[in-house]
Every structure is written in C-alpha cells, then in structure tokens.
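Survey of secondary and tertiary structure
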Amino acid sequence: MIYINENYIKLPGSYLFSDVARKVEEFKAANPNAKIIKLGIGDVTKALPSAAIRAMHLAVDEMADASTFRGYGPEQGYDFLVNTIVENDYKAHGLDIAADEIFVSDGSKSDTGNIGAILGLDNVVAVTDPVYPVYVDTNAMAGRAGNLLQNGRWSKLVYVPCTIENDFVPELPKEKVDIIYLCYPNNPTGTTLTRDQLKIWVDYAIENKALILFDGAYEAFITEDDVPHSIYEIEGAKDVAIEFRSFSKTAGFTGTRCAYTVVPKTVMGYTKLGEKVALNRLWNRRHTTKFNGVPYIIQRAAEAVYSPQGKKEVKDIIDYYLDNAKIIRKGLSAQGLNVYGGINSPYIWVKTPDGMTSWGFFDYLLNDLNIVGTPGVGFGPSGEGYLRLTAFGTLENTKEAVGRFSKISIQ
Ligand code: PLP
C-alpha cells in the first residue's frame, strides 16, 4: 500500500495562472480578431544581455574540448561566480558576506520552496498578504499551514495584510511567529519597505528568535535611496535572515535559470532541547545532497552579468521595464484609478474601481479592453479588490494598453 503525503490533496486544484490562461483562451476562441495585450504573467520579454550570451558561447566551446571540459561542479556554485557575487552584491556595498555563505541554485522559486526542509514543522509561519504563492503552497505541502479555510486562508498560517489601509506596510503580528517571509520589492504589490520599516521586522526577529526569509528577486528594480537592496543593510539581520536573490528578473534568466541564496553562518535555529544549530550547516547539507549544481555554461553567463558591459546592458533592460511601469502608472492615474508600486518594481497594483472584485475587473479588462491582468485575490485574501499589471511587455504594447484605458467606462 502506498500512502501519499495528504497535504497535497489539501491544495486547491487549479492554479491562478491556469485559470487566467483558460479565460483568455475562451475569449480568443469567441473573438478571434481581438488583439489581446498580456500584462499578466511576470515573465520577462527582452533578450539576455549580449555579455551573457558571449560568455555562454565561450563556455560551450570549453565543453567541446576534453582539456577544458567540466563535469560535476561544486554544488554551491563555482568560485568564479560565488566570489563575483560576494564582491559585487555585498562587499561593494560595505556588507560582509563570505563565499561559504552563498549557495548558487537554479532559482529562487526552488530555494524559497525548499528552505522549509531544514525547518521544523512546529514553527508558526507568517506571510504578508497578498503574497507570492510559493511560500504558502510549499508550507501547505510540508504540513505547516494546516487546512485551507472557506475565507481563503490556511488555518495555521499567520497573515499580515498589506493593503491601502496600512499603506502596504506590514504590521508586526499580534501572535508570536517563528518564520516570516518578506519579499521586497514586493510581488505582487510592487511596494517597498524603507530601511526603518524593515528594521522593525529585524528587531522583532532578534527579540523572538525568529527567522526572516527575505526574497529580493526584484532588487535590481530599486530606484529610491531609502529602499534597502539587501536585508543585511539592517543592523542585526545577519543573525536572523536568509536572503534569496535571482538572475531571473535582474538579467532575463527566467528560462536560463540561476539564482543564489545567502545563509549567514551566524543565523541559528534551535533543537527541541534548545541547542543552537547554524542553519548554514543544515542548508549546505541539504543543498549538497539534493542538488548537483547549476550548469557551468549558465554560471559563466551569470558571472558575465557583473562585467562592465553586462552591468550596462542589465541597467538598460531594467530601465526599459521601469519606463513601461511609469507609463502604466501615469496613464492609469490619469484615468482616476488608484495605482501602487511600479517605482522600484515591474509590478503595478491597481485598486479595482467601483468596488469591483478582482475577477470582475479582470473580466471587464479582458472583454472590453482586451487586456490581461492578474486578479489580486489570486495572491491571497487581502488581494481581493486589486489587480496586478506588469511592465514586462514591449513598450509598444504597454503604450497601446494604456491608451485603451482611456476608454474605461467605470469609475
Ligand atoms: N520570488 C518571487 C517573489 C518571484 O516573483 C519569483 C518569480 O516570479 C521568484 C521568486 C522566482 O524566481 P526564479 O525565477 O529565480 O525561480
């Protein structure tokens, strides 16, 4: 008899983006001539930086010659990439992160999803709401989330609402929590925390022996000075925070796959008897056992992102998306819509007009303007009444979509 992990059957059957895709397909079938503009899914559209492409070509040639061929590499990443990350993302900003605190991986989705493997099932987990669904679903799979309730919440998770009412700044939970997922700049709201606002969470974690899982997948989009690029800019964070960074949105690696996770050796977890254990040791054990490294060719591409040319190209790509974000923000605001995010982020979080539901506004945009967004409620109960648009489209499509908003007939 094969017993299953019953937590999997507690998960809701259909996934947000499949529901969106199904509705779009149905609309297309009924309206074959409609020119649909997709501002929904958070995938990039611009090509990889040429510096990365060149590095990959060179690496492919190395693989063709036995004297330079590479087989299995270090699971944590090749030194050339790890040291480049340390120098550019940390030392250059005055942050003291060591090479053996960096773990190169195939993506922040995997890492934010897998990190729970080294954490006990009794931990109380807090998520901001709305939230990147991977944090919630992976905790549900592990059995840490309890049961899915009628109101869309999981019984054992602590939800920290981020809405217009609190200016999208999460307030400390009333109950004691052990693990806190923070994603800044945020997906889906596109909003950020200042250093002072993030410090409140770091102080909470220090006081409560809690762990912050800080997802910085959108770090490259930060434009404002008071928004921290790394949680380690906050005093004390090296004792309580794990940071996730990805090349996906930074440099167009969504299909190329490379990311890294920082687990400082000073971050401790505890056994039931109260003994301290370094999470770095546990993550190293997990990573080297269950993961066999990112391909050499891809790591060379990631390294090239930090070359002078790579940095310039990345900046151009990010600026392109941020210009789109600005166009969306300005255009929708001009129509009287309330919009958030989009300044340090490729995401624009739109308040639905006229008290419409997220799905109601989604349907209206699809049917009347032929624009695809993502219903905010798909990211959590506090996302109801909002819709996410992304700046990852082309400039032409973005402008055309914003032009269509001038036809909006609801307020
Ligand atoms: N974290 C957040 C908040 C994201 O929005 C995404 C992708 O959309 C990821 C992580 C996944 O990143 P990766 O492509 O590195 O797996």
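Residues numbered from 1 in each chain as written. Predicted model: local features only at pLDDT ≥ 70, side-chain atom pairs only at ≥ 80, totals over all residues. Heavy atoms only, no water.

1. A word on the site of the ligand
- Close to the ligand lie 14 residues, the nearest being N187, D215, Y218, S246 and S248.
- Within the side chain of D215, one N or O atom sits 2.6 Å away from a nitrogen atom of the ligand.
- The protein chains hide 91% of the 400 Å² of surface that the ligand would expose on its own.
- Of all the secondary structure elements, the ones that give two or more residues to the shell around the ligand are α4 (108-114) and α7 (248-251).
- Looking at the shell around the ligand residue by residue, the class counts come to five nonpolar, five polar and four charged. (Near = heavy atom within 4 Å. Polar contact = N/O pair within 3.5 Å; in protein donor to acceptor, adjacent residues only side chain to side chain. Areas by Shrake-Rupley, 256 points an atom, 1.4 Å probe, with all protein chains shown as cover. Helix = DSSP H or I, 4+ residues; strand = E, 2+ residues; numbered from the N terminus. Nonpolar A, V, L, I, M, F, W, Y, C, P; charged D, E, K, R; others polar.)

2. Describing the pairing of strand β15 (residues 386-390)
- With five of its five residues buried, β15 lies for the most part within the structure.
- The side-chain alternation of β15 yields two buried faces, one formed by Y386, R388 and T390 and the other by L387 and L389.
- The sheet contact formed by strand β12 (residues 347-351) and β15 spans five bridges and is antiparallel. Bridging across to β15, K351 finds its partner in Y386.
- Summarising the sheet, strand β14 (residues 374-375) and β15 pair through two bridges and their orientation is antiparallel. If you follow P375 over to β15, its bridge partner there is L387. (Buried < 20%, exposed > 50% of the residue type's maximum accessible area, 1.4 Å probe, protein only. Pairing = 2+ DSSP bridges.)

3. Notes on the domain arrangement of the chain
- Under the domain assignment, the chain is made up of domain 1 (8-47 + 309-405) and domain 2 (53-307).
- Distance between the C-alpha centres of domain 1 and domain 2: 25 Å.
- Contact residues are listed per partner, giving 33 residues for domain 1 and 47 residues for domain 2.
- Counting the surface lost from both domain 1 and domain 2, the interface buries some 3,300 Å², and carbon and sulfur atoms represent 61% of this.
- Together, K10, N344 and F379 form the three largest contributors to the area buried by domain 1 at its contact with domain 2, with a combined 19%.
- Where domain 1 packs against domain 2, one counts zero salt bridges.
- Inspection of the region where domain 1 meets domain 2 yields 17 residue pairs in polar contact (both at pLDDT 80 or more).
- Where the side of domain 1 that touches domain 2 is concerned, the elements lending two or more residues are α10 (308-334), β11 (339-341), β12 and β15.
- The greatest single-element share of the side of domain 1 that touches domain 2, amounting to seven residues, is contributed by α10. (Domains from an automatic or database assignment. Contact = heavy atoms within 4.5 Å. Buried area = accessible area lost by both parts, 1.4 Å probe. Salt bridge = Lys/Arg side-chain N within 4 Å of Asp/Glu carboxyl O.)

4. Focus on the pattern of salt bridges
- This model, assessed by the stated rule, comprises 18 salt bridges.
- A salt bridge links E400 to K35; the nearest nitrogen and oxygen atoms lie 3.0 Å apart. Placement of the pair is E400 in helix α12 (residues 395-405) and K35 in the loop between α1 (16-30) and β1 (37-38), with a sequence separation of 365 residues.
- By relative accessible area, which is 33% here, E400 ends up partly exposed.

5. Points about the packing of aromatic side chains
- By the definition in use, this model includes 23 aromatic pairs.
- For the ring pair F168 and Y386, a centre distance of 6.1 Å and an interplane angle of 70° mean the geometry is edge-to-face. Highlighted residues: F168 in the loop between β4 (158-161) and β5 (179-183) and Y386 in strand β15, separated in sequence by 218 residues. Exposure class is identical for F168 and Y386. Each is buried. (Phe/Tyr/Trp six-rings, centres within 6.5 Å; stacked < 30°, edge-to-face > 60°.)

6. Some points on the state of the cysteines
- Scanning the entire structure with this criterion turns up zero disulfides.
- We note that C183 lacks a disulfide partner, and the nearest cysteine sulfur, in C162, lies 11 Å from it.
- Assessed through its relative accessible area of 3%, C183 is described here as buried.
- The thiol sulfur of C258 is not disulfide-bonded, and the nearest other cysteine sulfur, from C183, lies at 19 Å.
- Given the relative accessible area of 0%, C258 is considered buried. (Disulfide = S-S within 2.5 Å.)

7. Quick word on the sheet that holds β5
- Read from one edge of the open sheet, seven strands run β2-β8-β7-β6-β5-β3-β4, paired in mixed fashion. Only two strands of the sheet have a single partner each, and these edge strands are β2 (102-105) and β4. The mean inter-strand angle of the sheet, taken between neighbouring strand axes irrespective of direction, is 20°.
- Pairing analysis gives four bridges linking strand β7 (residues 241-246) to strand β8 (residues 259-262), with the strands arranged antiparallel. (Axes fitted to C-alpha atoms, helices over the stretch in contact; angles between N-to-C directions.)

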